Amino acid sequence: MKDIEIEANKARFKSLCEEHIHREGIEKILDYLERTDFFIAPSSTNFHLNEPGGLCLHSILVFETACKIYEQIAQPAIQLGISPFTEEVAMESIAISALFHDICKVKLYHPTQRWKKDEQNRWVSYPGYEVKDEFPFGHGEKSCLMLSWYMRLKPEEMLAIRWHMGMFDMSENGTAQRYAYFSALDKHPLVSIIQSADFLASKLLEKTTTY
Ligand SMILES: [Fe+2]
Ligand SMILES: [Fe+2]
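Keep in mind it's a predicted model, so treat the numbers as computed, not measured. Throughout this document, residue positions are counted from 1 along each chain, in the order its sequence is written. By the order in which they are written, chains take letters starting at A while ligands take numbers starting at 1. Reporting in this predicted model follows two pLDDT cut-offs: at least 70 for local features of residues, and 80 or more for side-chain atom pairs to be given and counted; totals over whole chains, interfaces and linings ignore these cut-offs and use all residues.

Draft legend 1. Focus on the overall build of the protein chain. Counting its secondary structure elements, the protein chain contains eight helices and two strands. Computed over C-alpha atoms, the radius of gyration of the protein chain comes to 18 Å, within 12% of the 17 Å expected from 2.2 N^0.38 for 211 residues, which places it in the range of a compact globule. When burial is assessed residue by residue, the protein chain has 37% of its 211 residues classed as buried. Think of it this way: build a C-beta for each residue from its backbone, and any pair within 7 Å is a contact. The long-range share in the protein chain, meaning contacts at least 24 apart out of those at least 6 apart in sequence, stands at 68%. For helices the rule is a DSSP run of H or I covering at least 4 residues; for strands it is a run of E covering at least 2, with both sets numbered from the N terminus onward. The globule rule used for comparison is 2.2 Å times the number of residues to the exponent 0.38, while the radius of gyration itself is calculated over C-alpha atoms. Residue burial here comes from a neighbour count, namely the number of other C-beta atoms, placed from the backbone, that lie within 10 Å of the residue's own C-beta, with 20 or more meaning buried, 12 or fewer meaning exposed, and in between meaning partly exposed.

In structure tokens:
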């Protein structure tokens, strides 16, 4: 991603926060992000948007996808009375959960030289990232915790962020965790919305760069 695109995404991210989030603490979160690599970090090392600026763009795309899912699927069903849920979802909650669901990736991916074989079977180096987690507290769990240092989250926002990886985070987890995950889905529509938005954005809207 070019520097100019990274800057444009940063401005868009901040303007989405300004437009949709009015809760106490948002300024502190944005100040904190300014002091980290959030706006230049990749979204992953080898998968979706594994390039500078990927994390910020991914967060924006998850928000935009979550809005579409809510406005085109969940909200009409709630209004028509055909959804198991009866209460509408606050736009502020969608914005907080989507824009910050991956805040745990701050300071996680560190630039490094990686190695691969070229067509002639010779080793060549290329720029990549390595994972160094200073505080390995889990994925969604860590995002919830970090946000809570600055802002009071609603229960549905915590559940949506905690479980945004859905089943992909729990291949080796046991019955209790599966039960908690399915219970969380039944508690509030925001959990399904954020999980689906994360999946769809990363699989349908975000490329992987081959170095
Ligand atoms: Fe994530
Ligand atoms: Fe994500």
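Draft legend 2. Geometry of the nonpolar core. Judged by nonpolar contacts, the single largest core of 47 residues is most densely connected at Ala 66, Ile 94, Ala 98, Leu 99, Ile 193, Ile 194 and Ala 197. Put simply, the parts of the chain that give this core at least two residues each are α1 (3–20), α2 (26–34), α3 (54–80), α4 (91–99), α5 (140–148), α6 (155–162), α7 (175–187) and α8 (189–205). Considering each element in turn, this core owes the most residues, ten residues, to α3. Residues contacting Ala 197, with those up to four places away along its chain left out, are Val 62, Thr 65, Ala 66, Ile 69 and Ala 98. Each nonpolar core comprises buried Ala, Val, Leu, Ile, Met, Phe, Trp, Tyr and Cys residues, the members being joined through C-beta atoms within 7 Å.

Draft legend 3. Representation of α4. Among the nine residues that make up α4, seven are buried, leaving the element largely enclosed by the rest of the structure. Three or more residues of α4 are buried, namely Ser 93, Ile 94, Ala 95, Ile 96, Ser 97, Ala 98 and Leu 99. As for α4, its buried residues are in contact with α1, α3, α6 and α8.

Draft legend 4. Structural view of the pairing of strand β1 (residues 109–117). In this description, strands pair whenever DSSP reports at least two bridges between them. Pairing analysis gives nine bridges linking β1 to strand β2 (residues 123–131), with the strands arranged antiparallel. Residue pairing in the sheet places Trp 115 in a bridge with Ser 125 of β2. The antiparallel pairing of β1 with β2 creates a hairpin that spans five residues between the two strands, and Asn 121 there sits at a positive phi of about 65°.

Draft legend 5. Layout of the packing of α4 against α8. Close contact between α4 and α8 brings their axes to 10 Å; oriented N to C, the two are set at 40°. With respect to their mutual orientation, α4 and α8 come out oblique. Pair α4 / α8 crosses with right-handed handedness. Where α4 approaches α8, its residues Ser 93, Ile 94, Ser 97 and Ala 98 are matched on the opposing element by Leu 190, Ile 193, Ile 194 and Ala 197. Every axis in this analysis is a line fitted to C-alpha atoms, fitted for helices over the stretch in contact. Angles between the N-to-C directions lie between 0 and 180 degrees. Convention used here: angles under 35 degrees read as roughly parallel, angles over 145 as roughly antiparallel, angles from 65 to 115 as roughly perpendicular, and any remaining angle as oblique. Helix crossings get a hand from a simple test, with the near helix turned counterclockwise from the far one by less than a right angle marking a left-handed crossing and a clockwise turn marking a right-handed one.

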